[in-house]
Each structure stands twice: as C-alpha cells, then as structure tokens.
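Structural overview
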Amino acid sequence: MPKARKAVAVVLASLALATPVLAETIANPVAQFSGLDKITGRITTFDVYIDETVQFGALQITPRACYTRPPTETQRTSVFVEVDQVSLKGSIDRIFTGWMFADSPALNAIDHAVYDIWLLDCKQSSDVPPPSADTRAGG
C-alpha cells in the first residue's frame, strides 16, 4: 500500500510540474474600437474608458473590462462589452453582451444592419480625457 501511495504522489507531482503556467493578464482602463458605418462606408477609431458609455450612430458601447498580456507573452487582447441600440422612439435595447477579441474580430461580432464594431486594442492611456464621475455609465 505505501508503494502505491508513493507512486500516486510521484505521478501527481509530475503532472503539477507539466502544467503550463498561465500568463497574468493586465487590466487596462481604455478600450480602443473601430466602427464601420455601412451606409457611408466610413470607418472611425475611438477610445472608450472602462464603464464609460459612448455613442456610435444608433449604438451605445460600454466596455466593462479590457485585458492584455505582458509583452513577453502571446498577445490576447479582449474586452467585455455591452452594446445597446437606441431606437428612433428613444427606447434602448441590449443587442450584445460578451467578450470581443482583437485577434478574432468575427468571433463575437455585433450583428447590426448598419454598424460593425470591433476591438482594436486595450490601452493604459488615451489622448481623450477621461470622463467625469457623473458621466460614467451607471453613475
């Protein structure tokens, strides 16, 4: 019985050593998006602070988290975002809640007839001044 326990312990220890170490993610305060207006063909790049809501056409975009990895790791830039559509009558309907990935923009694309929005990057700073506390979403 003791030999079996020792063998199990050796196997478990070797498995623990063989497990890859996951890269620590970096939380960023700014998400950078691109948006396409399919009617005009115009592409706009814009920065949005975490928990700030910005309007792009009839859509309101609110990033909740934006993560990158250290420069020494394989890059995986992702954002958790909420997207609402504002109707002509002023009602707001949630059309997307989920993760978007910069390296796979079509994976969780926003399915809208007029606008496409995709994540470009997560950043530590922006040329756009941060919103005041009273203009943040939910504030």
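Look up: the structure comes first, before these words.
All values derive from a computational prediction rather than experimental measurement. (Residues numbered from 1 in each chain as written. Predicted model: local features only at pLDDT ≥ 70, side-chain atom pairs only at ≥ 80, totals over all residues. Heavy atoms only, no water.)

Description of the pattern of salt bridges
Within the structure shown, the criterion is met by seven salt bridges. In this structure, the salt-bridge partner of Lys123 is Asp47, at a minimum N-O distance of 2.8 Å. In this pair, Lys123 sits in strand S8 (residues 115-123) while Asp47 sits in strand S3 (residues 42-49), placing the two residues 76 residues apart along the sequence. In this structure, Asp103 engages Arg76 in a salt bridge whose closest nitrogen and oxygen atoms are separated by 3.3 Å. Highlighted residues: Asp103 in the loop between strand S7 (92-101) and S8 and Arg76 in the loop between strand S5 (59-68) and strand S6 (78-86), separated in sequence by 27 residues. Overall, the relative accessible area of 45% leaves Asp103 in the partly exposed class. (Salt bridge = Lys/Arg side-chain N within 4 Å of Asp/Glu carboxyl O. Helix = DSSP H or I, 4+ residues; strand = E, 2+ residues; numbered from the N terminus. Buried < 20%, exposed > 50% of the residue type's maximum accessible area, 1.4 Å probe, protein only.)

So, the packing of aromatic side chains
Inspection of the entire model under this criterion finds five aromatic pairs. Measuring from ring centre to ring centre gives 5.9 Å for Phe33 and Phe46, while their planes differ by 25°; the resulting arrangement is stacked. Here Phe46 lies in strand S3 and Phe33 lies in strand S2 (residues 30-37), a separation of 13 residues in the sequence. By the burial criterion, Phe33 is buried, and Phe46 matches it. Between Phe80 and Trp99, the aromatic rings sit 5.3 Å apart at their centres with planes inclined by 70°, giving edge-to-face as the arrangement. Of this pair, Phe80 sits in strand S6 while Trp99 sits in strand S7; the two residues are 19 residues apart in sequence, bridging distant segments of the chain. The exposure class assigned to Phe80 is partly exposed, which follows from its relative accessible area of 23%. (Phe/Tyr/Trp six-rings, centres within 6.5 Å; stacked < 30°, edge-to-face > 60°.)

Quick word on the pairing of S7
Sheet topology places S6 next to S7; nine bridges connect them, and they run antiparallel. By the bridge assignment, Gln85 is partnered in S7 with Asp93. The loop that links S6 with its antiparallel partner S7 comprises five residues; one of these, Gly90, has a positive phi angle of about 95°. (Pairing = 2+ DSSP bridges.)

Some details on the environment of Pro29
Turning to its location among the elements, Pro29 is positioned in the loop between strand S1 (26-27) and S2. Take Pro29: its relative accessible area is 31%, and that puts it in the partly exposed class. Those residues in contact with Pro29 that sit more than four places away from it in its chain are Val48, Tyr49, Ile50, Lys123 and Gln124. (Contact = heavy atoms within 4.5 Å.)

Remarks on the side chain of Gln32
Mapped onto the elements of the fold, Gln32 is located in strand S2. A distance of 3.5 Å separates a polar atom in the side chain of Gln32 from a polar atom in the side chain of Asp47. In contact with Gln32, not counting residues within four places along its chain, are Thr45, Phe46, Asp47, Trp118, Leu119, Leu120, Asp121 and Lys123. (Polar contact = N/O pair within 3.5 Å; in protein donor to acceptor, adjacent residues only side chain to side chain.)

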